[in-house]
Amino acid sequence: MIKKLLLLSLLCVSLISLFAQKSVVPLPVDSGYKYSGDYIFYALPQTAFKVNVTVTKSNEFQGIYGDYAKSLLGLTNVISSDRITYSVQNIELETAEVPDTTCVYAVQLSSKQRNSDVYSNVLLQRSANGKGQGSCGYTPDELQIPDFFRYYSDLAYMEQNDNYVETQIVDGVVRQVPAVRTQKVAKSSQQKAQEAADQIGKIREDRYALLTGSSEVPYSAEAISKMVDELNTLEQNYISLFTGFVVEEEEHYTVWVVPAAGETQIPLFSVSQTAGFNTRLSAKPAENYVMNLQPVKEASVRSSFDVKWHCSQGHKPYAGYRLRLPAAAQISISQGATPVFDLGTRYIYQWGTIDILPLGKDDFDISKIGFIY
């Protein structure tokens, strides 16, 4: 009976070795490695950051009557010339997983894996990897100048009366008769500015009449509110003819970075107030944007336990699938030496540890731990 049990145990062991996963070998292998059977390959993941940058482009336009803003309206805070300025409005961070080509492994398939078409499924998955991949870019929009300024015009001429004396002969009698001659003459810039300033005064009078009820018209509260809002908008439009106006656009850029293990600072890009976004760093430190990565410390008791466990008597290292456990890091963005954006805590694979599983994991889904080649 005992002999039968021993034979049965030996048979089970032989069947396990026949069907179990053979080996997982780090690449590259040395010259003495013996190849046999079928292989699939996978790489461990590493974390890449997609940095989405929103830049505000401010187009400043001088008012057409800016030279008369102080003399006619007493305004001094005006745009003196046309110019374009840039500033960073927002930075957002997305994470993605990309293969780490320094951590690639060859998996020798077991009989069970070969019979279950693991190799064919891997090839199909590799073939489908390229589907559904899109690209992103920035398409500038047309500059949206307000219609009031785009189509604003004033009469370029005015009628001018000239008085003179006209000589008339009636029945042989010569008479000097006063007469008026009307002609059109071009307006000066100052005259046009004066008319725009007069419009501002008229708008204010109309608004005052509405608010005080001097017009003696029983408007509803909603009607009065609507008319006052329209007058406020019209007044601001006319005032902007003197002060100038600003039209803002948004520009969107994307920067990809893959932090190296232990790398705590990564230069990203530069934004000049006059030249805008550039992937190259500027000679002026205040224009440069840098990603800061601060490791989040794990509990020290776990690390000390792992060290004692691996050094304990009778411990046998595993030789199966390798998987990577990510480590946490606090991410922020600095402009020069000044922190400007806090992007929170993210997990970085290449900062973590690589653990090894036991052999015999035939039903293990490799795609969950890495990239299949």
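What counts and what doesn't
- Residues numbered from 1 in each chain as written.
- Predicted model: local features only at pLDDT ≥ 70, side-chain atom pairs only at ≥ 80, totals over all residues.
- Heavy atoms only, no water.
- Helix = DSSP H or I, 4+ residues; strand = E, 2+ residues; numbered from the N terminus.
- Buried < 20%, exposed > 50% of the residue type's maximum accessible area, 1.4 Å probe, protein only.
- Contact = heavy atoms within 4.5 Å.
- Patch = residues over 30% accessible without salt bridge, like charges linked within 9 Å, V, L, I, M, F, W, Y side chains within 5 Å.
- Areas by Shrake-Rupley, 256 points an atom, 1.4 Å probe, with all protein chains shown as cover.
- Salt bridge = Lys/Arg side-chain N within 4 Å of Asp/Glu carboxyl O.
- Pairing = 2+ DSSP bridges.
- Axes fitted to C-alpha atoms, helices over the stretch in contact; angles between N-to-C directions.
- Expected span 1.5 Å × (residues − 1).
- pLDDT = per-residue confidence, 0-100.
- Phe/Tyr/Trp six-rings, centres within 6.5 Å; stacked < 30°, edge-to-face > 60°.
- Core = buried A, V, L, I, M, F, W, Y, C linked by side-chain atoms within 4.5 Å.

Observations regarding the overall build of the chain
Then comes step 1: Looking only at helices and strands, the chain features eight helices and 12 strands.
Then comes step 2: Per-residue burial over the chain gives 32% buried out of 373 residues.
Then comes step 3: For the chain, contacts bridging at least 24 residues in sequence account for 78% of all contacts bridging at least 6.

Quick word on a nonpolar patch on the surface
Then comes step 1: There is a patch of nonpolar side chains on the surface, built from Leu 27, Phe 41 and Tyr 373 and spanning about 230 Å² of accessible area.
Then comes step 2: By the element assignment, Tyr 373 lies in the segment after strand E12 (371-372).
Then comes step 3: On the basis of relative accessible area, Tyr 373 is assigned to the partly exposed category, the value being 34%.

As for the sheet that holds strand E8 (residues 276-278)
Then comes step 1: Strand order in the open sheet made by the five strands is E8-E7-E9-E10-E11, with antiparallel pairing throughout. On the outer flanks of this sheet lie E8 and strand E11 (338-356), each paired with one strand and no other. Averaged over all adjacent pairs, the angle separating strand axes in this sheet is 30°, with direction ignored.
Then comes step 2: Where strand E7 (residues 265-272) meets E8, three bridges bridge the pair, whose relative direction is antiparallel. The partner of Val 271 across the bridge, within E8, is Phe 277.

Some thoughts on the pattern of salt bridges
Then comes step 1: The tally for this structure, following the rule as stated, stands at eight salt bridges.
Then comes step 2: For Asp 363, the salt bridge is made with Lys 112, and the minimal N-O distance between the two is 3.6 Å. Here the residue Asp 363 occupies a position in the loop between E11 and E12, and Lys 112 occupies one in helix H3 (residues 111-115), the gap between them amounting to 251 residues.
Then comes step 3: Classification of Asp 363 as exposed rests on a relative accessible area of 67%.
Then comes step 4: Its relative accessible area of 37% is what places Lys 112 among the partly exposed residues.
Then comes step 5: In the salt-bridge network here, residues are joined through shared partners; they are Arg 204, Arg 207 and Glu 235.

Regarding helix H6 (residues 189-212)
Then comes step 1: Helix length check: H6 (24 residues) gives 35 Å between terminal C-alpha atoms against 34 Å at 1.5 Å per residue, within 8%.
Then comes step 2: All of the buried residues along H6 are Ala 193, Ala 196, Ala 197, Ile 200, Ile 203, Arg 207 and Leu 210.
Then comes step 3: Where H6 is buried, its residues contact helix H2 (69-73) and helix H7 (221-243).
Then comes step 4: Phi for Gly 213, located one or two positions after H6, is positive at around 75°.

Notes on the pairing of E7
Then comes step 1: Where burial is concerned, most of E7 is hidden: six out of the eight residues are buried.
Then comes step 2: In this sheet, strand E9 (residues 288-295) lies alongside E7 in antiparallel orientation, the contact comprising five bridges. Bridge assignment links Pro 267 to a residue of E9, and that residue is Val 290.
Then comes step 3: Taking the residues between adjacent antiparallel strands as the criterion, E7 and E8 are bridged by three residues.

Details of the confidence of the model for the chain
Then comes step 1: Per-residue confidence for the chain averages 81 on the pLDDT scale, and 79% of its residues sit at or above 70.
Then comes step 2: Confidence over residues 1-20 falls short of pLDDT 50; this stretch has nine contacts with residues more than four positions distant or in other chains.
Then comes step 3: Predicted confidence for residues 131-137 stays below pLDDT 50, and this span has two contacts to residues more than four positions away or in other chains.

Examining the side chain of Glu 60
Then comes step 1: One can find Glu 60 in strand E2 (residues 39-61).
Then comes step 2: Using a relative accessible area of 16% as the deciding quantity, one classes Glu 60 as buried.
Then comes step 3: Discounting chain neighbours no more than four positions away, the residues touching Glu 60 are Ile 79, Ser 81, Asp 82, Arg 83, Thr 85, Phe 245 and Val 246.

Quick notes on the packing of aromatic side chains
Then comes step 1: Per the stated rule, a full pass over the model turns up nine aromatic pairs.
Then comes step 2: The interplanar angle of 85° and the centroid separation of 5.0 Å between the aromatic rings of Tyr 33 and Tyr 35 together place this pair among those described as edge-to-face.
Then comes step 3: Looking at Tyr 35, the relative accessible area reads 61%, which means it is exposed.
Then comes step 4: Ring centres of Phe 269 and Tyr 289 lie 5.1 Å apart, and the angle between their planes is 15°; on these two criteria the pair is classed as stacked. In this pair, Phe 269 sits in strand E7 while Tyr 289 sits in strand E9, placing the two residues 20 residues apart along the sequence.
Then comes step 5: Judged by its relative accessible area of 0%, Phe 269 is buried.
Then comes step 6: Taken together, Tyr 42, Tyr 105, Tyr 321 and Phe 364 form an aromatic cluster joined through their ring pairs.

Considering the nonpolar core
Nonpolar side chains tend toward joint burial in soluble globular proteins.
Then comes step 1: Counting 26 residues, the largest nonpolar core has Val 51, Ile 91, Phe 269 and Met 291 as its most contacted members.
Then comes step 2: When neighbours within four sequence positions are excluded, Val 51 is seen to be in contact with Ile 91, Glu 92, Leu 93, Tyr 253, Thr 254, Val 255, Val 257, Leu 268 and Met 291.

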